[in-house]
Amino acid sequence: MNPADIVDANIEQMVKFSVLQIIGLGTKHGIFPLLSRAPTVQELVDRVGLPNRRLLLDFIDTLERLGIVAEKDGRLHLNGFTYTVHVPGERYDLLIHDWVPVLEEIYRMVDYAFITPVHPHVLMDFDKDADFWDMRMSTRFSAVYRNAMAQAAGLRPGMHVLDIGCGSVSPVQFAEMIGYNGFYLGIDYSPALLEIARARVEMKNLPVELKEMDAKLIRPVNEYDVVLMSFVLEYAKDRERVLRGALETLKSGGKMVVLEPFRDAFAHIQALEFFESLNKDFIGFPSAGEIRDVILEEGFDVEISRPARSIMVIRKR
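The numbers attached to residues start from 1 for each chain and follow its sequence in the written order. Where local features are concerned, this predicted model is filtered to residues with pLDDT of at least 70; where side-chain atom pairs are given and counted, the filter is 80 or more; whole-chain, interface and lining totals use all residues. In computing side-chain properties, one takes all heavy atoms of the structure into account and sets aside hydrogens as well as water.

In the annotation of an unreviewed UniProt entry, the entry for the chain reads Methyltransferase domain-containing protein, and the organism field reads Thermococcus aciditolerans.

A. Molecular detail of the sheet that holds strand β9 (residues 311-316). A strand pair is defined by DSSP finding two or more bridges across the two strands. Numbering goes from the N terminus for both helices and strands, where a helix is a DSSP run of H or I of at least four residues and a strand is a run of E of at least two. Read across the sheet, seven strands follow the order β5-β4-β3-β6-β7-β9-β8 without closing on themselves; strand pairing throughout is mixed. Lying at the two open borders of the sheet, with one neighbouring strand each, are β5 (208-212) and β8 (302-308). The mean angle between the axes of side-by-side strands here comes to 15 degrees, regardless of whether they run parallel or antiparallel. Taken together, the four bridges between strand β3 (residues 160-164) and strand β6 (residues 224-230) define a ladder with parallel strand orientation. The residue bridging V161 from the neighbouring strand is V226, located in β6. The contact rule is simple, with two residues in contact once any of their heavy atoms fall within 4.5 Å. Angles here are taken between N-to-C directions and fall from 0 to 180 degrees, while the axes themselves are lines fitted to C-alpha atoms, restricted in helices to the stretch in contact. Against the sheet, helix α9 (residues 170-178) makes contact with β3, β4 (183-188), β5 and β6, and its axis sits at roughly 165 degrees relative to β4, the strand it touches most.

B. Geometry of the UniProt feature "domain: Methyltransferase" (unreviewed entry) in the chain. UniProt positions are given in the numbering used here, feature names are shortened, and annotations may be inferred rather than shown by experiment. Sequence positions flagged by UniProt for "domain: Methyltransferase" (unreviewed entry) are, in local numbering, residues 157-264. Split by type, residues 157-264 is 31% helix and 31% strand. Its first and last C-alpha atoms lie 34 Å apart.

C. Up close: the nonpolar core. Core analysis: the biggest nonpolar cluster contains 118 residues, and I164, M229 and M256 have the highest contact counts within it. Considering each element in turn, this core owes the most residues, ten residues, to helix α1 (residues 3-28). Not counting residues up to four positions away in its chain, the partners in contact with M256 are V227, M229, L243, A246, L247, L250, I295, M312, V313 and I314. In this description, a nonpolar core means a group of buried Ala, Val, Leu, Ile, Met, Phe, Trp, Tyr and Cys residues linked to one another through side-chain atoms lying within 4.5 Å. Burial here depends on accessible area, computed with a 1.4 Å probe over protein chains only, as a share of the maximum for the residue type. Under 20% is buried, over 50% is exposed, and the range in between is partly exposed.

D. Focus on the packing of α1 against helix α12 (residues 269-276). Packing of α1 against α12 leaves a shortest axis separation of 8 Å and a crossing angle of 70 degrees. In terms of their interaxial angle, α1 and α12 are classed as roughly perpendicular. Together, V15, S18, V19, Q21, I22 and L25 of α1 and I269, A271, L272, F274 and F275 of α12 make up the contact between the two elements. All residues other than Ala, Val, Leu, Ile, Met, Phe, Trp, Tyr, Cys, Pro, Asp, Glu, Lys and Arg, Gly among them, are scored as polar; the first ten of these are nonpolar and the last four charged. Residues of the contact of α1 with α12, tallied by class, amount to nine nonpolar, two polar and no charged. We call two directions roughly parallel when the angle between them is under 35 degrees, roughly antiparallel when it is over 145, roughly perpendicular when it lies between 65 and 115, and oblique otherwise.

E. Seen up close, the packing of aromatic side chains. Two rings from Phe, Tyr or Trp (for Trp, the six-membered ring) form a pair when their centres are within 6.5 Å of each other. A pair whose planes differ by under 30 degrees is stacked, one over 60 is edge-to-face, and the rest are tilted. Scanning the entire structure with this criterion turns up 13 aromatic pairs. Residues F81 and Y83 carry aromatic rings whose centres are separated by 6.1 Å and whose planes lie at 10 degrees to one another, so their mutual orientation is stacked. Relative accessible area serves as the criterion here: at 25%, F81 is assigned to the partly exposed category. We classify Y83 as partly exposed; its relative accessible area is 22%. Here the aromatic residues F126, F132, W133, Y189, Y235, F282 and F285 are joined through ring pairs into a cluster of three or more.

F. Representation of the environment of S305. By the secondary structure assignment, S305 is in strand β8. Residues S305 and V85, spaced 220 residues apart in sequence, show a C-alpha to C-alpha distance of 30 Å. Discounting chain neighbours no more than four positions away, the residues touching S305 are I311, M312 and V313.

G. Main features of helix α8 (residues 140-153). Taking 1.5 Å of rise per residue, 14 residues should cover 20 Å, and α8 covers 20 Å from first to last C-alpha, within 8% of that figure. Of all the 14 residues making up α8, ten are buried; the element is thus mostly covered by neighbouring parts of the structure. Regarding α8, the residues found buried are F141, S142, V144, Y145, R146, A148, M149, A150, A152 and A153. Positive phi shows up at G154, right after α8, with a value of about 70 degrees. To estimate the expected span of a helix, count its residues, drop one, and scale the result by 1.5 Å.

H. Broad picture of unusual backbone geometry. Of note in this structure, A38 is not a glycine but carries a positive phi near 55 degrees. Its place among the elements puts A38 in the loop between α2 (31-35) and α3 (41-48). With phi around 65 degrees, H268 is a residue other than glycine that occupies positive phi space. Looking at where H268 falls in the secondary structure, it is placed in the loop between β7 (250-259) and α12.

I. Seen up close, the pairing of β6. Of all seven residues making up β6, six are buried, and the element is well covered by its neighbours. Relative to β7, β6 runs parallel, the two being bridged by six bridges. Bridge assignment links V227 to a residue of β7, and that residue is M256. For the crossover from β6 across helix α11 (residues 239-248) to β7, the handedness is right-handed. With its strands directed away from the observer, a crossover is right-handed exactly when the path from the first strand over the helix to the second travels clockwise.

Pasting the structure below:
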């Protein structure tokens, strides 16, 4: 099976789960009965009575962006939302089950986050909760999306690779693909995740260098055959600067592979965004169109292709 197809199928299923969970939260906390009375936002927030009002406002905004709620004349109205979950047998053989417990854990975190955003059971900080993120990056689904990226990049022994936002697991998987004649530089702004990665790399004596660095600070000191970015741009406040720096490090003929749940490729992605936003650094998934426009506006001579809904490949001419 094509790993890119597997990635798309599983992201789509994650979104479906998240939509159903959003509806569940609205029911669980009595939000839908209140919405049936067409309250103002302030009236709704006051009557629900959840302590973390900022998160409650984010939830209401999510309902609006999903089309479940519409604001008219200053009042919120249920919008007659209909959601159908189709179970196509020919796609379900692509599903990987081990991301489900991770999302279920994040769903549970929301109840604690409604009390306070700094509740100890909200485990979404990259440093403080590095073990949770390492568990998430160690799933079979994560290994498959890295394989999909490697396939899209044409990764092979001897290549020089820059991995932006490498986390704790990618350095070993990609370094083993390029072998001892290759070179891998992984950068991440989480020292805790890099510490986990460093221990694994040293154990296998792989050709890896790891640096603690913000992605927007990349400088074209060296040239790389491949640049990889998976689930990174959703945390980048200055995407233009990150993309420009990444492309400047590419050799002519080199490829940059970006993997994201692009918001113009997956319907109802806003539901998944609500849960991912428990991480304070999350700013939202990018659209593929936005990334394409940024790259072209920067003036790079490139070819852009989409081997999957969740994958964009930019080849530098």
